[in-house]
Amino acid sequence: MLYDEESERRHAYLERRRQRRRRQRTIHLVILVILLILFIFSAAAFAIALYDRMKETSKASSPSPEPSSQEAETLQTETETMIDETVAELESLLSEAEFLAAGYDYDRAIELLRSRPEFADEQAVLDACASYEEIKATLVPANINEVTHIFFHSIIMDNKKAFDGDTDEPGYNQVMTTKSEFLKILEEMYARGYVLVRLHDMAYETTDEQGNTVMKKGSILLPPGKKPFVMSQDDVCYYDYMKGDGFATRMIVGEDGKPTCEMELDDGTVSVGSYDLVPLLEDFIMEHPDFSYRGARAVIAFTGYQGILGYRTDPDYQDKNPNIEQDKEEVKKVVQALRDNGWELASHTYGHMRLSTRSLDDIKTDTGKWDAYITPLLGEVDILLYPFGADIGDWHDYTRENKKFAFLYDHGFRYFCNVDAAPYWVQARDSYLRQGRRNLDGVRMYYDLPETNPTKDHLSDLFDVTKIFDRERPTPVPPM
Ligand SMILES: [Zn+2]
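Residues numbered from 1 in each chain as written. Predicted model: local features only at pLDDT ≥ 70, side-chain atom pairs only at ≥ 80, totals over all residues.

1. Observations regarding the overall build of the protein
Across its full length, the protein holds 14 helices and 18 strands. In the protein, which comprises 480 residues, the proportion classed as buried is 33%. Taking all contacts inside the protein whose residues are at least 6 apart in sequence as the whole, residues at least 24 apart take part in 67%. (Helix = DSSP H or I, 4+ residues; strand = E, 2+ residues; numbered from the N terminus. Buried ≥ 20, exposed ≤ 12 C-beta atoms within 10 Å, placed from the backbone. Contact = placed C-beta atoms within 7 Å.)

2. Thoughts on the sheet that holds strand β10 (residues 250-253)
Read from one edge to the other, the open sheet built from three strands follows the order β10-β11-β12, with strand pairing classed as antiparallel. The open sheet is flanked by β10 and β12 (270-273), the only strands paired with a single partner. Within the sheet, the average angular offset between the axes of one strand and its neighbour, ignoring direction, is 35°. Here β10 runs beside strand β11 (residues 259-264); their pairing, made up of four bridges, is antiparallel. Residue pairing across strands places Met251 opposite Cys261, the latter belonging to β11. (Pairing = 2+ DSSP bridges. Axes fitted to C-alpha atoms, helices over the stretch in contact; angles between N-to-C directions.)

3. What to know about unusual backbone geometry
Look at the link from Thr475 to Pro476: it is a cis peptide, with omega at -5°. Among the secondary structure elements, Pro476 is positioned in the segment after α14 (465-468). Even without being a glycine, Leu309 presents a positive backbone phi close to 60°.

4. Examining the environment of Ala390
Position of Ala390 among the secondary structure elements: in the loop between β15 (383-385) and α12 (403-410). The class for Ala390 is partly exposed, based on 14 C-beta atoms found within 10 Å. Considered as a pair, Ala390 and Asn418 are 28 residues apart in the sequence and their alpha carbons are 6.2 Å apart. Those residues in contact with Ala390, other than ones at most four positions away along the chain, are Arg354, Leu355 and Ser356.

5. Observations concerning the nonpolar core
Nonpolar side chains in soluble globular proteins generally cluster together in the buried interior. Ranked by internal contacts, the top residues of the largest apolar core, which has 104 residues, are Val197, Ile300 and Ile308. Here this core gathers at least three residues from each of two domains, domain 2 (68-136) and domain 3 (144-468). For Ile308, the contacting residues outside a window of four places in its chain are Val236, Cys237, Phe302, Val331, Ile374, Leu377 and Leu378. (Core = buried A, V, L, I, M, F, W, Y, C linked by C-beta atoms within 7 Å. Domains from an automatic or database assignment.)

6. Overview of the pairing of strand β18 (residues 433-439)
Of all seven residues making up β18, seven are buried, and the element is well covered by its neighbours. The alternating pattern of β18 places Leu433, Gln435, Arg437 and Asn439 and Arg434, Gly436 and Arg438 on opposite faces, both of which are buried. Sheet topology places strand β2 (residues 148-152) next to β18; two bridges connect them, and they run parallel. Looking at β18, one finds that Phe151 is bridged to Asn439. By the bridge criterion, five bridges tie strand β16 (residues 415-419) to β18 in an arrangement that is parallel. Within β18, the residue paired with Asn418 across the bridge is Gly436. Relative to β18, strand β17 (residues 426-428) runs antiparallel, the two sharing three bridges. Within β18, the position partnered with Ala428 by the bridge is Leu433.

7. Observations concerning the environment of Asp441
As for its position among the elements, Asp441 is in the loop between β18 and α13 (442-446). Taking the C-alpha atoms as reference points, Asp441 and Glu181, separated by 260 residues in sequence, lie 9.1 Å from one another. The residues touching Asp441, leaving out its near neighbours within four places in the chain, are His153, Gln174, Val175, Met176 and Thr177.

8. Digging into the environment of Tyr317
On the secondary structure map, Tyr317 appears in the loop between β13 (299-302) and α10 (324-340). Note on Tyr317: 17 C-beta atoms within 10 Å, which makes it partly exposed. Sequence spacing of Tyr317 and Gly307 is ten residues, and the spatial spacing of their C-alpha atoms is 9.1 Å. Residues contacting Tyr317, with those up to four places away along its chain left out, are Gly307, Arg312 and Ile324.

9. Describing the packing of helix α11 (residues 360-378) against α12
Pairs of packed helices are described in terms of their axes, by the angle between the two and the distance that separates them. As a packed pair, α11 and α12 sit with axes 10 Å apart at the nearest point and diverge in direction by 20°. Between α11 and α12, the angle falls in the class roughly parallel. Handedness of the crossing formed by α11 with α12: right-handed. Contacts from Leu360, Ile363 and Lys364 of α11 reach α12 at Lys403, Lys404 and Phe407. (Parallel < 35°, antiparallel > 145°, perpendicular 65-115°, else oblique. Left-handed = near helix turned anticlockwise from the far one by under 90°.)

10. Brief notes about the pairing of β11
What sits between the antiparallel neighbours β10 and β11 is a turn of five residues, in which Gly257 has the positive phi angle 85°. Across four bridges, β11 lies against β12 in antiparallel orientation. Looking across to β12, one finds that Glu264 is bridged to Val270. From the end of β11 to the start of β12, which pair antiparallel, there are five residues, and Gly268 there has a positive phi angle of about 90°.

See below:
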């Protein structure tokens, strides 16, 4: 019994071992099959990859450009474009700085160059900064009391039409300047070192230490030998009587955003171009940026009774001008273009009034019309150019005892200009700047010619009048 039990247990044990071995063999087999399948798949994948690689290699040996060289080429082009763009940026930065320096604004030129740290170590930038610093050290402050001021009316663009023997001819011959004279004056004054400045460069309103509002002399810094001057133009209205007489007909905003002019031609068509002082001076300064101090332009003065800049916007034209409302909008755009380009704007009174002899009440009425009809188009102005040069006082300082001065000052005027033949006449005071202006017109130039009057000389500091006077003028120019 014992033996049997023992034998049975052995038998069962051996049986379990056999079963376990069978199970293990089965497991081994399954693993082997899986490994085999994996191997086959891997081999197939490898073969496919190898085939693809071979196909690519065979393509690469064909004449078409290989993808890797195309990529390299694109990379090279991109790098070249980036280098070109950087060079162009540097060049434009340098030329922008050069333009500012040409206008004597060395501080802004240096500031601009230093505003771009990525170019800080460029030799050209370092050289430019050094040269501007060097010139800056030589600048001389201008004597504000010796700044001259020249003025013009509308420029005669077509002598044949202006000097055609009609009743307007003597007036044009007396008070106007021809295009050839104007351009020669610019050339000669430029050659002599004259530099255009603003009235607001000569003096400006500020607050002093006591908190009072005062006018203070400006600091105009120019290289030695350069001479500051102010220019102005009166009656920029292109009055009705000037139609067909060889003048611009109105001012517009040009395609470049700068103010320019229109002129009506004989066949009724309208031509756009540099047909008056404003665009002619713009052209000249574009060519000679060193003729303008920090972007200065001339002072442009208007009367109001027909509207300004050639647009008939006065209430008198309500029935005559069907485009009156549209014209008012156009005027505002031209005014903005003038301001944006550095032009100073001025009152020449609403009614071209002789302020020296008219009563304070008349002046108040005239100023009221200006406020009603011109200020909405022009904005506020602080410059008054006296019609006929007729000042409200003699050479003594203005005081508030002068009721006309007190009224005009309270109305916002700070700059007052009469007409005077002296090379310069300036009163820079706490409450105003007053300056004499020199008329460079037919009367002044004709009577300064040596052949007319050998002893008179009002112009030789500016130019040689014999080179400037337009020989197409009818002579003698009628005296005033
Ligand atoms: Zn005038």
